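# Structural features, examined
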Amino acid sequence: MQPDGPEEANYRGFQADRERALSCSRRALAGLMQLKLLVTPLARGAWFDERLEVAREELALLLPGVEAEIEHRAGLELLSVELAKERVPELARLSFLQAAFEVTGDALRPLALEPAYALPSALVTEARYPGKTNERVTAQAVNVALAVAGHGPHRLLDPVAGRGTTLLTAARYGIEAYGVERDVKALADFRRNVKKITKLHRIKHKLSEGSVIKRRRDGAGRYLAFTFPQSGVRLVVGDSADPQLVGRGRYTLVVGDLPYGIQHRGPGGRRDPLDTLAACAPTWAAALAPGGAMVLIFNALQPRPERLHALFAQQGLELLPTRCTHRMSESIVRQLAVFRRPVAS
Ligand SMILES: C[S@@+](CC[C@H](N)C(=O)[O-])C[C@H]1O[C@@H](n2cnc3c(N)ncnc32)[C@H](O)[C@@H]1O
């Protein structure tokens, strides 16, 4: 084939420019902006090799009807989307987002996205302890639950609360959060971590403690609560299978990161957490208000997803298709199980 002469090359360049200008004005007429969403480098530590597919799945759920294309540019990982201008603020809390840019010709113009958080990120990120759930994974699970449950006001339950990553994430969103954790040492760790961070960052709060039930020998029911100006968190010691500690129909969101069976062994040293879950499922499901959403983060190698799904389906919850599957290690493939309590059930 003959190489192009200068005229042909110019003509092709001209056609490409014209196409770009036309599609730009078509988008403008439809009120659409072309955007590039920059995926944070921290996504690698949260979702590993599947980070871009997982990001796309979150986006699809939070902004239904918006299709994203994965793009690599100059070493950056991007999602390319078209979005109506009035929907841009909905991007602000995406868990994988570092920044958003509007495409104008060949240039990328950064957009000022101002997520309205009730509390600084330090409250979630600065505590370090073994078994802590990744903060971005936690934010994603809360985002997914909020997208499924729809308009608030919301109250969140984490029935496997650990040292409170989910509770504090919810508090940043301005949501009242309640957690149950069976490890009695969690209460002291939670107090120390939150006290330290609130002092360092001068976060206004009130601390209170007591028991949500009549005192028992095993300490079950003891709680610690932090009240912030727009939200509050309460961590209770005990087994969340116990309906007395959890209550019925009180929560629009149930979000938790289940034990992975490695650091957190079940009774008798068993690795499969399904036994514990089977005991908990009726209480957790009953805690969810009609229309509410449950998002469980779990290791899809143990228990098998279909077994976990069946446990909660038996409790009258509907299973939704979002999975956000990603391999963490040889023995952990993390996945979300997303359920909704039907309005009439
Ligand atoms: C993966 S960790 C959660 C970590 C938490 N998201 C954090 O970042 O601090 C799971 C927790 O569930 C707790 N747990 C397991 N079964 C429980 C039950 N039946 N009731 C209450 N807590 C339970 C374990 O003790 C463990 O701390």
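Read on for an overview of the structure. All of these numbers come straight from a predicted model, not from anything done at the bench.

## Let's talk about the pattern of salt bridges
Summed over the entire model, instances satisfying the criterion amount to 15 salt bridges. For the salt bridge of K132 with E135, the shortest nitrogen-to-oxygen distance reads 3.0 Å. In this structure K132 comes out as buried when scored by relative accessible area, which is 18%. Shared partners join several salt bridges into a network, and the residues in it are R163, D183, K185, D189 and R192.

## Some details on the site of the ligand
Taken together, the neighbourhood of the ligand is formed by 23 residues, with Y129, T133, R163, T165 and E181 sitting nearest. Between T133 and the ligand, the recorded distance is 2.7 Å, taken from a side-chain N or O atom to a nitrogen atom. A distance of 2.5 Å is found between an oxygen atom of the ligand and a side-chain nitrogen or oxygen belonging to T165. About the coverage of the ligand: the protein hides 96% of its 610 Å² of free accessible area. The set of elements that each furnish at least two residues to the shell around the ligand consists of β7 (176–181) and α9 (274–287).

## Some words on the side chain of T283
Here T283 shows up in helix α9. What T283 contacts, discounting residues up to four positions off in sequence, is S240, A241, D242, P243 and V246.

## A look at the environment of G162
Relative to the elements of secondary structure, G162 occurs in the loop between β6 (155–158) and α6 (165–172). The class of G162 is buried, set by a relative accessible area of 18%. Setting aside chain neighbours within four positions, we find G162 in contact with E181, A186 and L235.

## A word on the sheet that holds strand β1 (residues 32–39)
The sheet built from five strands is open, its strands ordered β2-β3-β1-β4-β5 with antiparallel pairing. Every interior strand has two partners, whereas the edge strands, β2 (69–73) and β5 (107–110), have only one. In this sheet, neighbouring strand axes are inclined to one another by 40° on average, regardless of whether the strands run parallel or antiparallel. Relative to the sheet, helix α3 (residues 51–62) contacts β1, β2 and β3 (76–84), its axis offset from that of β3 by approximately 15°.

## Details of the packing of α9 against helix α10 (residues 305–313)
Angle between the axes and distance between the axes: these two values describe a pair of packed helices. Orientation of α9 relative to α10, taken along the N-to-C sense of each, is 30°, at an axis distance of 9 Å. On the basis of the axis angle, α9 is roughly parallel to α10. When you trace α9 past α10, the crossing you get is right-handed. Along the contact surface, α9 presents L274, L277, A278, A281 and W284, while α10 presents R307, L308, L311 and F312. The class makeup of the residues in the contact of α9 with α10 is eight nonpolar, no polar and one charged.

## Quick word on unusual backbone geometry
The omega torsion across G152 and P153 is 10°, close enough to zero to call that bond cis. By the secondary structure assignment, P153 is in the loop between α5 (135–149) and β6. For the bond running from Q302 to P303, omega is 5°, close enough to zero to count as cis. With respect to the secondary-structure elements, P303 resides in the loop between β12 (288–299) and α10. Unlike most non-glycine residues, A74 shows phi in positive territory, near 50°. Among the secondary structure elements, A74 is positioned in the loop between β2 and β3.

The rules we used
Residues numbered from 1 in each chain as written. Predicted model: local features only at pLDDT ≥ 70, side-chain atom pairs only at ≥ 80, totals over all residues. Heavy atoms only, no water. Salt bridge = Lys/Arg side-chain N within 4 Å of Asp/Glu carboxyl O. Buried < 20%, exposed > 50% of the residue type's maximum accessible area, 1.4 Å probe, protein only. Near = heavy atom within 4 Å. Polar contact = N/O pair within 3.5 Å; in protein donor to acceptor, adjacent residues only side chain to side chain. Areas by Shrake-Rupley, 256 points an atom, 1.4 Å probe, with all protein chains shown as cover. Helix = DSSP H or I, 4+ residues; strand = E, 2+ residues; numbered from the N terminus. Contact = heavy atoms within 4.5 Å. Pairing = 2+ DSSP bridges. Axes fitted to C-alpha atoms, helices over the stretch in contact; angles between N-to-C directions. Parallel < 35°, antiparallel > 145°, perpendicular 65-115°, else oblique. Left-handed = near helix turned anticlockwise from the far one by under 90°. Nonpolar A, V, L, I, M, F, W, Y, C, P; charged D, E, K, R; others polar.

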